[in-house]
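Summary of the model geometry
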Amino acid sequence: MSKKLMAAISMILVFSFLFVFAGCDSTGGEEETTTTINVKTPLPTDITTSVDEESQVITDTTYSPEALAANTATIFEYFNLHVNELKGVKAKVDMSQDKSIGKVKDAEGNDLAMSENAYVNSAITSLDSYMLHNDGATAEYGDDLVPFLPVKGAAYVSAITLDEVESATCVDDGTQRTITVTLKNTPNLPATLEKAYDMGNVADVMAEFKKADKYLSVAEPTLTYKDCQIIIIANVETDEVHTIKYVKNIDVATEVTGLGSIEAMGTVPVQFRYSNTVTYTLDRTAPEMETAVAE
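Since we're looking at a predicted model, the values are computed, not measured.

**Quick look at the overall build of the protein**
The number of helices and strands found in the protein is 6 helices and 11 strands. Across the 295 residues of the protein, 34% fall into the buried class. Of the contacts made within the protein by residues no fewer than 6 positions apart, 73% connect residues no fewer than 24 positions apart. Accessible surface for the protein amounts to roughly 17600 Å². Of this, 54% is attributable to carbon and sulfur atoms.

**A short note on a negative patch on the surface**
Together, Asp 94, Glu 140, Asp 143, Asp 144 and Asp 283 give the surface a local cluster of negative charge. Along the chain, Asp 94 turns up in strand β3 (residues 92-102). Classification of Asp 94 by relative accessible area gives partly exposed; the value is 35%.

**Side note on the pattern of salt bridges**
Taken as a whole and assessed by the stated rule, the structure comprises 6 salt bridges. Put simply, Asp 111 and Lys 105 hold a salt bridge, and the shortest N to O gap is 2.7 Å. On the basis of relative accessible area, Lys 105 is assigned to the partly exposed category, the value being 42%. For Arg 273, the salt bridge is made with Asp 227, and the minimal N-O distance between the two is 3.6 Å. You can see Arg 273 sitting in strand β11 (residues 267-283) and its partner Asp 227 sitting in the loop between β8 (222-225) and β9 (229-235), a full 46 residues away along the chain.

**A closer look at helix α4 (residues 189-196)**
Taken together, the buried positions of α4 are occupied by Leu 189, Thr 192, Leu 193 and Ala 196. Buried residues of α4, seen end-on, are gathered within an arc of 100° and therefore sit on one face of the element. Where α4 is buried, its residues touch β6 (176-183), β8, β9 and β10 (241-258).

**Quick notes on the side chain of Thr 182**
Topologically, Thr 182 is positioned in strand β6. Within the local environment of Thr 182, its side chain forms a polar contact with the side chain of Gln 229, the two groups lying 3.0 Å apart. Each residue touching Thr 182, except ones within four places of it in the same chain, is listed here: Val 165, Glu 166, Ser 167, Cys 228 and Gln 229.

**Side note on the environment of Cys 170**
Along the polypeptide, Cys 170 turns up in strand β5 (residues 165-173). Given the relative accessible area of 0%, Cys 170 is considered buried. Through-space distance from the C-alpha of Cys 170 to that of Thr 45 is 4.8 Å; in sequence the pair is 125 residues apart. Contact partners of Cys 170, with chain neighbours within four places excluded, come to Leu 43, Pro 44, Thr 45, Asp 46, Tyr 63, Ile 75, Arg 177, Thr 178 and Ile 179.

**Things to note about unusual backbone geometry**
Only a minority of non-glycine residues have a phi that is not negative, and only a minority of peptide bonds are not trans. For the bond running from Pro 150 to Val 151, omega is -5°, close enough to zero to count as cis. Structurally, the position occupied by Val 151 is in the loop between β4 (137-139) and β5. Although it is not a glycine, Asp 239 adopts a positive phi angle of roughly 65°. Relative to the assigned elements, Asp 239 resides in the loop between β9 and β10.

Thresholds applied
- Numbering of residues starts from 1 in each chain and follows the order in which that chain's sequence is written.
- At least 70 in pLDDT is required for a residue's local features to be given in this predicted model, at least 80 for side-chain atom pairs to be given and counted, and no such filter applies to totals for whole chains, interfaces and linings, which use all residues.
- Only hydrogens and water are set aside; all other atoms, that is, all heavy atoms of the structure, feed into the side-chain values.
- Working definition: helices are DSSP H or I runs of at least four residues, strands are E runs of at least two. Numbering for both runs from the N terminus.
- For every residue, the accessible area obtained with a 1.4 Å probe (protein chains only) is divided by the maximum for its type, and the residue is called buried under 20%, exposed over 50%, and partly exposed between those limits.
- Only heavy atoms enter the contact rule, under which two residues are in contact if any of them lie within 4.5 Å.
- Residue-level accessible areas treat just the shown protein chains as cover; the underlying method is Shrake-Rupley with a 1.4 Å probe.
- A patch is a set of surface residues, each over 30% in relative accessible area and not in a salt bridge, joined within 9 Å for like charges and within 5 Å for the nonpolar side chains Val, Leu, Ile, Met, Phe, Trp and Tyr.
- Salt bridges are defined by distance alone: a side-chain nitrogen of Lys or Arg within 4 Å of a carboxyl oxygen of Asp or Glu.
- This count recognises Lys and Arg as positive and Asp and Glu as negative, with His and chain-terminal groups excluded.
- Each charge is placed at NZ for Lys, CZ for Arg, CG for Asp and CD for Glu.
- The arc under discussion is defined with respect to the helix axis, by the directions toward the C-beta atoms.
- N or O atoms closer than or at 3.5 Å make up a polar contact, with two conditions inside protein: a donor-capable atom paired with an acceptor-capable one, and, for residues adjacent in sequence, both atoms drawn from side chains.

Below is the structure:
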């Protein structure tokens, strides 16, 4: 075969490949689909703006002081309206608790020692393992939720007012909306909490210290409520709340005096944080609907 003929065949093959590749869709021919989310009640929301490249942790921007003040009233009005509808809905409700004892933090967020005595520190830490029972409960579909959801026995789940709120923020993520209401750290906060929080308190912890009254004498504690929040998670398309969390943090300051065999310990200042989060999860699916799906 002549060199001219070989060259001609080569050119034909080159052009044929070019046409083949030109006809190919570089995206693989798959059409992108977008999901439209119809938000029932538009609210001012935090906007995700940064990702830590190393940890891949997403950071939401915080409102400026001016925007936070303006947005809090709007978001809190939404919160109060929909959270107080919960006792009137028909749903199965599961309640779970998460209690813990940890260290108090200073103004810069650093952990402070519970005490200067290793024995006392060990005794406080051990409370986590055997005293703080994370008990749960369930209300079945059709049960009366008035005595089950906070505040027990009342027709509402929150009597918090705007004057008692430090901030209310909203983050929408797809069809899920998370609203976080942070309460003011004021001398009136304990009374405020009783309006919305029907959950365990520091008295449970201090009662455990009294079980060791042969070895320890514990002074009446000073309680400081900090960073207490109510968090609701709702469907943005229906405004139906499906999760509500009550977060209680109490910094406890007291003194422990050694008795008997540890009398030489003397009196030791003690500080620790008692945290308790109670979560209510609602399932509004009627039992007959579940049966129909199963069949």
